[in-house]
Amino acid sequence: MTRVLFAGTDQNWQTYRRLIPEALKARGITAEFSRDMPPEDVEYMVYSPMGPVRDFSPYTNLKAVLSLWAGVEKIVGNPSLTAPLCRMVDEGLRQGMAEWVSGHCLRYHLGMDAHILNPDHLWQEDSAPPLAQKRRIGILGLGELGQACAEMLGGIGFEVAGWSRSAKELAGIRCFQGEDGLESLLARSDILVLLLPQTSETTHIINAKTLAMLPARARILNPGRGPLIKDEDLLLALDSGHIAHATLDVFAREPLPADHPYWAHPRVTVTPHIASQTRPETAAKVIAQNVARGESGEAFLYLVDRRAGY
Ligand code: NDP
């Protein structure tokens, strides 16, 4: 009997209480799956940062912590966690992010606002957009989500480039890395998409200096994490018009406080951390797959590199 503790929210529990046992059974695993068991009995913990667990030290027999979230910045530095930590990589999460990013890129590319918000009923014959091949999109972060976006955007026809820590070769996508690579990527991004994890290296990576490297009137999408952007620098760049618009899904403080300047800024669209979500049907299978791997002695999938912070 494999013991799996569910350490998510009440709402998560309603969704996963059936799906995870079914997925475990489908993998041939006989498991006790519960929200409540003596800490020393727990072998696997299904974890959400919104759930109840902060101190992992009572869980002395943990084989792995399996996060329901892709971003692990709230847990990766927790000194009480010594067991392997796996993040969520889920087909539904990838698809949702690619849809959100593509939709908002198309809004910018097609200049939709000029037609949707047209209070003076202007007949603007000269407003036809260029073809997607003429629009350069840069993605910071070419991991699971960045690559999913790059593939969908490339499929539409955009000229897509991306930047990552390690060198990559991806069909149809120009790949950059390192300090020089960042500058080159920024200089050719009419639309910049932030899909980096929040780590000590990526915090405030978008600041006055890097904003100035973007072409004039560039647009920014941030579905990554709020602290990637130095907010006061972005606000200045928006006020000056150097950045034409930003669509922000994530913030240093969430929910975004009611008096935050982003809410009222005419060049900012705020979405409430909904760019993508873990989809329970597929995520339950990912959890079960990793429990199965742990039980058969195989390496866990999607293991977090604790030193790199993601
Ligand atoms: P991955 O770990 O798969 O990818 C991260 C990418 O960032 C990798 O390409 C990595 O490089 C790159 N990277 C990390 N650090 C650096 C650095 N210092 N310099 C250059 N590149 C760097 O993560 P995912 O794609 O799964 O997720 C990305 C983020 O999206 C999550 O961390 C989370 O914050 C956010 N997210 C937001 C959601 C939302 O609804 N808004 C939903 C889910 C996730 P390399 O490939 O070389 O390792």
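Structure first, text after, so check above.
Nothing here was measured: the structure is a model prediction, and the numbers come from that model. (Residues numbered from 1 in each chain as written. Predicted model: local features only at pLDDT ≥ 70, side-chain atom pairs only at ≥ 80, totals over all residues. Heavy atoms only, no water.)

(A) Broad picture of the overall build of the protein. On a plain count of helices and strands, the protein comes out with nine helices and twelve strands. By the compact-globule yardstick of 19 Å for 310 residues, the protein fits well, its C-alpha radius of gyration being 21 Å. In terms of its C-alpha atoms, the protein occupies a principal-axis envelope of roughly 70 × 40 × 35 Å. Counting the 310 residues in the protein, one finds 51% classified as buried. For the protein, long-range pairs separated by at least 24 residues make up 63% of all intrachain contacts whose partners lie at least 6 apart in sequence. (Helix = DSSP H or I, 4+ residues; strand = E, 2+ residues; numbered from the N terminus. Rg over C-alpha atoms; globule rule 2.2 N^0.38 Å. Buried < 20%, exposed > 50% of the residue type's maximum accessible area, 1.4 Å probe, protein only. Contact = heavy atoms within 4.5 Å.)

(B) View of the pattern of salt bridges. This model, assessed by the stated rule, comprises 14 salt bridges. Close ionic contact of Glu 73 with Arg 225 constitutes a salt bridge, the shortest N to O distance being 2.7 Å. Here the residue Glu 73 occupies a position in the loop between β4 (64-67) and β5 (85-86), and Arg 225 occupies one in the loop between β10 (218-222) and α7 (231-240), the gap between them amounting to 152 residues. Residue Arg 293 pairs with Glu 298 through a salt bridge whose shortest N-O separation is 3.8 Å. (Salt bridge = Lys/Arg side-chain N within 4 Å of Asp/Glu carboxyl O.)

(C) View of the side chain of Arg 225. Taking relative accessible area as the criterion, Arg 225 reaches 11% and is therefore assigned buried. What Arg 225 contacts, discounting residues up to four positions off in sequence, is Trp 69, Gly 71, Glu 73, Leu 196, Gln 198, Val 250 and His 273.

(D) Inspection of unusual backbone geometry at higher detail. A cis amide bond, omega -5 degrees, links Glu 254 with the succeeding residue Pro 255. Inspection of the secondary structure puts Pro 255 in the loop between β11 (243-248) and α8 (261-264). In this structure, His 273 is a non-glycine residue whose phi angle is positive, near 50 degrees. Examined against the element boundaries, His 273 turns out to sit in the loop between β12 (268-270) and α9 (280-295). By relative accessible area, His 273 is classed as partly exposed at 25%. Here Tyr 302, not a glycine, exhibits a phi torsion of approximately 60 degrees, which is positive. Mapped onto the fold, Tyr 302 is located in the segment after α9. Residue class for Tyr 302 comes out partly exposed when judged on its relative accessible area of 28%.

(E) Local environment of the packing of aromatic side chains. Going through the model one piece at a time under the given rule, you end up with six aromatic pairs. Note on Phe 251 and Tyr 262: the rings are 6.1 Å apart at their centroids and 55 degrees apart in plane angle, and the pair reads as tilted. Placement of the pair is Phe 251 in the loop between β11 and α8 and Tyr 262 in helix α8, with a sequence separation of eleven residues. Residue Phe 251 shares its accessibility class with Tyr 262, and that shared class is buried. Members of the aromatic cluster, connected to one another through ring pairs, are Phe 6, Trp 13, Tyr 16 and Phe 33. (Phe/Tyr/Trp six-rings, centres within 6.5 Å; stacked < 30°, edge-to-face > 60°.)

(F) Spotlight on the environment of Gly 146. Here Gly 146 shows up in helix α4 (residues 144-156). Contacts of Gly 146, omitting those with residues within four sequence positions, involve Ile 139, Gly 141 and Leu 195.

(G) Representation of helix α1 (residues 10-26) within the structure. Look at α1: 25 Å from first C-alpha to last across 17 residues, which is about the 24 Å you get at 1.5 Å a residue. The axis of α1 is deflected most strongly, by about 45 degrees, at Tyr 16. For α1, every residue scored as buried is listed here: Trp 13, Tyr 16, Leu 19, Ile 20, Ala 23 and Leu 24. Buried positions along α1 lie against β1 (2-7), β2 (31-34), β3 (44-47) and α9. Positive backbone phi, approximately 80 degrees, marks Gly 28, located one or two places after α1. (Expected span 1.5 Å × (residues − 1). Bend = angle between axes of the 7 residues up to and from the residue.)

(H) Summary view of the side chain of Asn 290. Counting through the fold element by element, Asn 290 comes out in helix α9. Those residues within four positions of Asn 290 in sequence are excluded, and the remaining contacts are Leu 66, Cys 86, Phe 300, Leu 301 and Tyr 302.

(I) A look at the site of the ligand. Within the structure, the ligand sits among 28 residues, and Arg 87, Ser 166, Lys 168, Ser 276 and Tyr 310 are positioned closest to it. Side-chain polar atom of Arg 225 to an oxygen atom of the ligand: 3.4 Å apart, as the coordinates give it. Contact distances for the ligand include 2.9 Å between a nitrogen atom and a side-chain N or O atom of Asp 249. Considered on its own, the ligand offers 930 Å² of accessible surface; in the complex 92% of this is hidden by protein. Elements with a contribution of two residues or more to the shell around the ligand: α4 and β7 (159-164). Residues belonging to the shell around the ligand are distributed by class as follows: twelve nonpolar, nine polar and seven charged. (Near = heavy atom within 4 Å. Polar contact = N/O pair within 3.5 Å; in protein donor to acceptor, adjacent residues only side chain to side chain. Areas by Shrake-Rupley, 256 points an atom, 1.4 Å probe, with all protein chains shown as cover. Nonpolar A, V, L, I, M, F, W, Y, C, P; charged D, E, K, R; others polar.)

(J) Representation of the sheet that holds β3 within the structure. A sheet is described by the order of its strands in space; here five strands give the open sequence β2-β1-β3-β4-β5, paired in parallel fashion. What marks the edges here is a single partner per strand, and that holds for β2 and β5. Bridge count between β1 and β2: four bridges; the pairing is parallel. Counterpart to Thr 2 in the pairing with β2 is Ala 31. (Pairing = 2+ DSSP bridges.)

Note that every value here comes from positions in space, so none of it alone points to a role or purpose.
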